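# Analysis of the macromolecular model
Listed below are the residues making up each chain.
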Amino acid sequence: MTEGSSEHLDVLIVGAGLSGIGAAWHLRDRLPGKSYAILEAREDLGGTWDLFRYPGIRSDSDMHTLGYRFKPWTRSKTITDGASILEYVRETARENGIDERIRYRRRVVGAQWSSSEARWSVEVEQTDTGEIERLTCDFLWTCSGYYRYDEGYTPEFEGIEGFGGTVIHPQHWPEDLDYAGKRVVVIGSGATAVTLVPAMAEQAAQVTMLQRSPTYIASLPAADPIAKALRRVLPDRAVYPLVRWKNVLLQSVFFHLSRRRPGMIKRFIRRGVERALPPGYDIDTHFTPRYNPWDQRLCLVPDGDLFAAISAGRAEVVTDRIARFNERGIELESGRELEADIVVTATGLNLLFLGGIKLSVDGEEPDIPRAMTYKGMMLSGVPNFAFTVGYTNASWTLKADLVSEYVCRLLGHMDAHGYSRCVPEVSDPSIVEQPLLDFTSGYVQRSLHEFPKQGSREPWKLRQNYVIDIRSIRRGALDDGSMRFSSGASETRPADPVAV
Ligand SMILES: Cc1cc2nc3c(=O)[nH]c(=O)nc-3n(C[C@H](O)[C@H](O)[C@H](O)COP(=O)(O)OP(=O)(O)OC[C@H]3O[C@@H](n4cnc5c(N)ncnc54)[C@H](O)[C@@H]3O)c2cc1C
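These remarks concern the structure in this document. (Residues numbered from 1 in each chain as written. Predicted model: local features only at pLDDT ≥ 70, side-chain atom pairs only at ≥ 80, totals over all residues. Heavy atoms only, no water.)

So, on to the overall build of the protein chain. Helix and strand content of the protein chain: 13 helices and 24 strands. Its C-alpha atoms give the protein chain a radius of gyration of 24 Å, within 12% of the compact-globule value 23 Å for 500 residues. By the burial criterion, 52% of the 500 residues in the protein chain qualify as buried. Counting only contacts in the protein chain whose residues sit at least 6 apart along the sequence, the fraction spanning at least 24 positions is 70%. Of the accessible surface of the protein chain, which amounts to about 21600 Å², a share of 49% is contributed by carbon and sulfur atoms. (Helix = DSSP H or I, 4+ residues; strand = E, 2+ residues; numbered from the N terminus. Rg over C-alpha atoms; globule rule 2.2 N^0.38 Å. Buried < 20%, exposed > 50% of the residue type's maximum accessible area, 1.4 Å probe, protein only. Contact = heavy atoms within 4.5 Å. Areas by Shrake-Rupley, 256 points an atom, 1.4 Å probe, with all protein chains shown as cover.)

Now the structure itself:
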């Protein structure tokens, strides 16, 4: 390993996925004078939408809200395939010259903040050579997603090494996998499993979705009928915000009713499932979760494709527990055996905060699980640093766009006042620590202890609500008493907040 030469940038963005490209767009738009680069560990942009290549890969939220606020989604399908989303991200990067600012095969491994220099020194590994280079920047912004790219989550299954067929994790889909005429078992009940099952059922001999417990599943039209009707009379740039707001409000009402009137929403979802499946189908066993809607992420299926595959007899749902694998397939605790040629472990992701980057502030590692998130995008005690993480109950990009707007506003404010440092600090002792997320899903519970906390009140409370966030993030005061600004490279003590 060698240390490369040093270069200084105003802003360093980590990650060239949907969020990183959006972040660069905002920066370019609002603060065109800032120097910036995007460091991307992979060989291409797109993040999630480039990584996942399994059959049927698609969004499970609508593109009117998963799309950027600044770039209308103009294709007819609003629940759309991964390739179209990747092309949309690529197009955004290309049209705005952002692609020229991406440095590929650059994994950020560490970042050290120095108060005496008022800048970050960032340690970057070149993934092809292993060389380490150093850059410095005034502001560090991670858009690194929320999960590990190298390895998905697979629980331990007894006897799996003795299985005679092929085992695949959807995160590493073999390009040449031929499943035509094969017997496939997909383990899981989340978004990936419900996407894979109808897609593979088109060619496989039989596809079985093996789930330990059911998930709430609702069907939505792949093409939004209101968007379609509006497009006949209005241009895309007028249709996009209208449909976006319709979807924001509908999703928000649905989420809040799920929390306040779970019984009503349970009945509503069940009626949809009953209508989509043949009479007498055992909905109680296979589609009636033990938790309330939105205690875990709700799955959407476009045009009821999963239910259609089940109704046609091409796919089956089995709700049972795995006892062990044997050479032929899977033995279940009920005693049933599922023979398989291919087993897909759609068992989830390994969550990872900040792309695994080791931070230090003036020589000390911040205790991330003890830190509190400021507006769900900065960390208490960590200066000149932001991270983009989207909503869990609505489209990711709604929040990502707001984070970008805020960071640009913050940087503009610092320039206007000659500040070189901003850091959120919890000064009110009555603010109580709370877990960052209240999802009961296994993948969240497995990793929650590694994540920062949220606080009991704003600006430390994580509002999973776009409308409230518009008020707080887009319009809220920058000098709010919790964000401390200071100027001068050697200034280490935060200045008093300035009245707005
Ligand atoms: C299969 C799947 C389907 C999804 N569907 C939806 C959906 O329909 N709607 C929705 O709202 N959300 C969905 N999500 C969540 C989804 O990840 C987000 O919508 C969005 O794509 C996240 O974009 P991102 O740029 O923040 O992160 P990512 O897409 O994860 O991109 C992060 C980028 O950062 C890079 N990176 C990470 N760490 C480092 C580092 N240390 N150094 C350098 N580079 C680094 C990665 O290589 C990657 O390119 C889905 C997620 C998955 C896995």
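Moving on from the coordinates now.
If you check the shell around the ligand, you find 32 residues, and the closest are Ser19, Glu40, Asp60, Ser61 and Tyr149. A distance of 2.9 Å separates a nitrogen atom of the ligand from a polar backbone atom of Val108. Within the side chain of Tyr149, an N or O atom sits 2.6 Å from an oxygen atom of the ligand. Bound to the protein, the ligand loses 95% of the 970 Å² it would expose on its own. The element that contributes the greatest number of residues to the shell around the ligand is strand β4 (residues 106–114), accounting for 3 residues. Residues belonging to the shell around the ligand are distributed by class as follows: 16 nonpolar, 11 polar and 5 charged. (Near = heavy atom within 4 Å. Polar contact = N/O pair within 3.5 Å; in protein donor to acceptor, adjacent residues only side chain to side chain. Nonpolar A, V, L, I, M, F, W, Y, C, P; charged D, E, K, R; others polar.)

Here we have 5 strands laid out as an open sheet, ordered β7-β16-β8-β9-β12, and parallel in their pairing. Of all the strands in the sheet, the pair left with one neighbour each is β7 (166–168) and β12 (315–319). Geometrically, the sheet is characterised by an average inter-axis angle of 20° between neighbouring strands, direction not taken into account. Lying over the sheet, helix α5 (residues 191–201) contacts β8 (183–187), β9 (206–211), β12 and β16 (342–345), oriented at roughly 165° with respect to β9. (Pairing = 2+ DSSP bridges. Axes fitted to C-alpha atoms, helices over the stretch in contact; angles between N-to-C directions.)

The description of two helices packed together rests on the angle between their axes and the distance between the axes. Running from amino to carboxyl end, helix α1 (residues 18–30) crosses helix α11 (residues 396–417) at an angle of 35°, the nearest separation of the two axes being 9 Å. The element α1 and its partner α11 pack so that their crossing is right-handed. Between α1 and α11, the contacting residues are Leu18, Ser19, Gly22, Ala23, His26, Leu27 and Arg30 on the first element and Trp396, Thr397, Ala400, Asp401, Ser404, Glu405, Cys408 and Leu411 on the second. Residues that form the contact of α1 with α11 fall into these classes: 7 nonpolar, 5 polar and 3 charged. (Left-handed = near helix turned anticlockwise from the far one by under 90°.)

Here we come to the environment of Ala229. Of note, Ala229 is situated in helix α6 (residues 225–233). As for Ala229 and Val239, which are separated by 10 residues in sequence, their C-alpha atoms are 9.6 Å apart.

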